[in-house]
Amino acid sequence: MIVRRAEQKIAALLAPVAGEDARLEASFLLRAQGFRSPYQNVTEADAEALQPLIERRLSGEPLQYVLGEWEFFGLPFFVDKRVLIPRPDTEILVETAMKTLTGDRRGVLDLCCGSGCIGIALAVRASARVTAADVSADALALTERNAAKNGVSVATVQSDLFASVEGTFDLIVSNPPYLSKADMDARGAVLRFEPELALYGGEDGLDFYRRIAADYRRHLKPGGTLLLEIGMTQRQAVEALFGHSECVCDYGGRPRVIAVKEYD
Ligand code: GLN
């Protein structure tokens, strides 16, 4: 059977979970198995190797975990159930961060780094010197693999927010857990594959912003910037926590990044 036909067959199988993305997801699965051309031959053995991946996807596991790799900011990252799947929504955080990195002011702390995608994107695309911190040792292990995959080195530190972080930085960037109790309940089954540790921000979703607001100044250089990803309904609450700040919207027009600048 040629790839094109296999893609149709896989898409038909995936339709109940993938809906209108079924064809695209089928093509991702085939690419992950090394198929590049629509006319390559898919043998029985190839089809068998694909079967467990299709079954995982049919159980509701996100495509990104099934593939084990996903792109963020045009770069490849290993992802698995130990970390949040990198979202396109977060690319605006990286773009905003890049604008703040000038001259030799390139020391960056990526707080709650997860897969490491934010810090690593900054290291690759803006020559940032990155320290990546996360409370999860599993996340840090993945960050280290991802740094190596992208040909950069980042320092890693296991830390509950700033607790074990030392030194000061030109930029602190963070996509902390920010879903509220109500958000978590509303997502229900969809969420069950991603780690709650990476998503749940307490009853009102703001716990991590409160703790960051209390401590970030000690780790920011004069003239440095703090950039936080926020959920689309959190702008006012987070602005109130930090006082002086600016808000940047994502490409869907939703408030997505709060920027706090410390004056020289
Ligand atoms: N944006 C993510 C989501 O809505 C949440 C990310 C986070 O909590 N940091 O699933």
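Note that the coordinates shown come from a computational prediction; the quantities given were computed from them, not determined experimentally.

Draft legend 1. Geometry of the pattern of salt bridges. The tally for this structure, following the rule as stated, stands at 18 salt bridges. In this structure, Asp-80 and Arg-82 form a salt bridge, with 2.9 Å as the shortest nitrogen-oxygen distance. Here Arg-82 falls in the partly exposed class, since its relative accessible area comes to 31%. The salt bridge partner of Arg-87 is Glu-194, with a shortest N-O separation of 3.0 Å.

Draft legend 2. Molecular detail of the site of the ligand. For the ligand, the full set of nearby residues is Leu-84, Arg-87, Asn-175, Pro-176, Pro-177, Tyr-178, Arg-187, Ala-198, Leu-199 and Glu-229. With respect to the ligand, the side chain of Asn-175 contributes an N or O atom lying 2.8 Å from a nitrogen atom. Measuring from a nitrogen atom of the ligand, one finds a backbone N or O atom of Pro-176 at 2.6 Å. Isolated, the ligand exposes 300 Å² of accessible area, and the fraction of that covered by the protein chains is 92%.

Draft legend 3. Structural context of helix H3 (residues 44-58). Compared with the 21 Å implied by 1.5 Å per residue over 15 residues, the 20 Å span of H3 between its first and last C-alpha is a close match. Of the residues making up H3, those classed as buried are Leu-50, Leu-53, Ile-54 and Arg-57. Of the surrounding elements, those touching the buried residues of H3 are helix H1 (3-18), helix H2 (22-32) and helix H4 (63-67). Count one or two residues on from H3 and you reach Gly-60, which has phi positive near 105°.

Draft legend 4. Up close: the packing of aromatic side chains. Scanning the model with the defined rule gives four aromatic pairs in all. Taken together, a centroid distance of 5.3 Å and an interplanar angle of 40° make the contact between Phe-28 and Trp-70 tilted. One end of the pair, Phe-28, is in helix H2; the other, Trp-70, is in strand S1 (residues 69-72), with 42 residues separating them in the sequence. On the basis of relative accessibility, which here comes to 31%, the residue Phe-28 falls in the partly exposed class. The interplanar angle of 40° and the centroid separation of 6.3 Å between the aromatic rings of Phe-72 and Phe-73 together place this pair among those described as tilted.

Draft legend 5. Structural context of the pairing of strand S3 (residues 107-111). With five of its five residues buried, S3 lies for the most part within the structure. Across the two faces of S3 the burial is the same, with Gly-107, Leu-109 and Leu-111 and Val-108 and Asp-110 all buried. Handedness of the β-α-β unit built from S3, helix H6 (residues 117-126) and strand S4 (residues 129-134) comes out right-handed. Alignment of S3 against strand S6 (residues 169-174), held across four bridges, turns out to be parallel. Across the sheet, the residue bridging to Val-108 is Leu-171, located in S6.

Draft legend 6. The arrangement of the packing of helix H9 (residues 207-215) against helix H10 (residues 235-242) in detail. Remark: H9 packs on H10, axes separated minimally by 9 Å, with the N-to-C direction vectors making an angle of 20°. The angle between H9 and H10 places the two elements in the roughly parallel class. Note that H9 runs across H10; the crossing there is right-handed. Residue-level inspection shows Tyr-209, Arg-210, Ile-212 and Ala-213 of H9 in contact with H10, the latter providing Val-238, Leu-241 and Phe-242.

Draft legend 7. Main features of a nonpolar patch on the surface. A contiguous nonpolar patch, built from Leu-13, Val-17 and Leu-58 and spanning about 210 Å² of accessible area, is present on the exposed surface. Structurally, Leu-13 is set in helix H1.

Draft legend 8. View of the sheet that holds S3. The mixed open sheet is built from seven strands, whose spatial order is S5-S4-S3-S6-S7-S9-S8. Unpaired on one side and paired on the other, strand S5 (155-158) and strand S8 (246-249) mark the two borders of the sheet. Put simply, the sheet's adjacent strands are angled 20° from each other on average, direction ignored. Set on the sheet, helix H7 (residues 137-149) makes contact with S4 and S5; between it and S5 the angle comes to about 175°. Against the sheet, H10 makes contact with strand S7 (220-229), S8 and strand S9 (255-261), and its axis sits at roughly 10° relative to S9, the strand it touches most.

Calculation criteria
Residues numbered from 1 in each chain as written. Predicted model: local features only at pLDDT ≥ 70, side-chain atom pairs only at ≥ 80, totals over all residues. Heavy atoms only, no water. Salt bridge = Lys/Arg side-chain N within 4 Å of Asp/Glu carboxyl O. Buried < 20%, exposed > 50% of the residue type's maximum accessible area, 1.4 Å probe, protein only. Near = heavy atom within 4 Å. Polar contact = N/O pair within 3.5 Å; in protein donor to acceptor, adjacent residues only side chain to side chain. Areas by Shrake-Rupley, 256 points an atom, 1.4 Å probe, with all protein chains shown as cover. Helix = DSSP H or I, 4+ residues; strand = E, 2+ residues; numbered from the N terminus. Expected span 1.5 Å × (residues − 1). Contact = heavy atoms within 4.5 Å. Phe/Tyr/Trp six-rings, centres within 6.5 Å; stacked < 30°, edge-to-face > 60°. Right-handed = clockwise from strand over helix to strand, strands pointing away. Pairing = 2+ DSSP bridges. Axes fitted to C-alpha atoms, helices over the stretch in contact; angles between N-to-C directions. Parallel < 35°, antiparallel > 145°, perpendicular 65-115°, else oblique. Left-handed = near helix turned anticlockwise from the far one by under 90°. Patch = residues over 30% accessible without salt bridge, like charges linked within 9 Å, V, L, I, M, F, W, Y side chains within 5 Å.

Shape descriptors only; they carry no functional weight alone.
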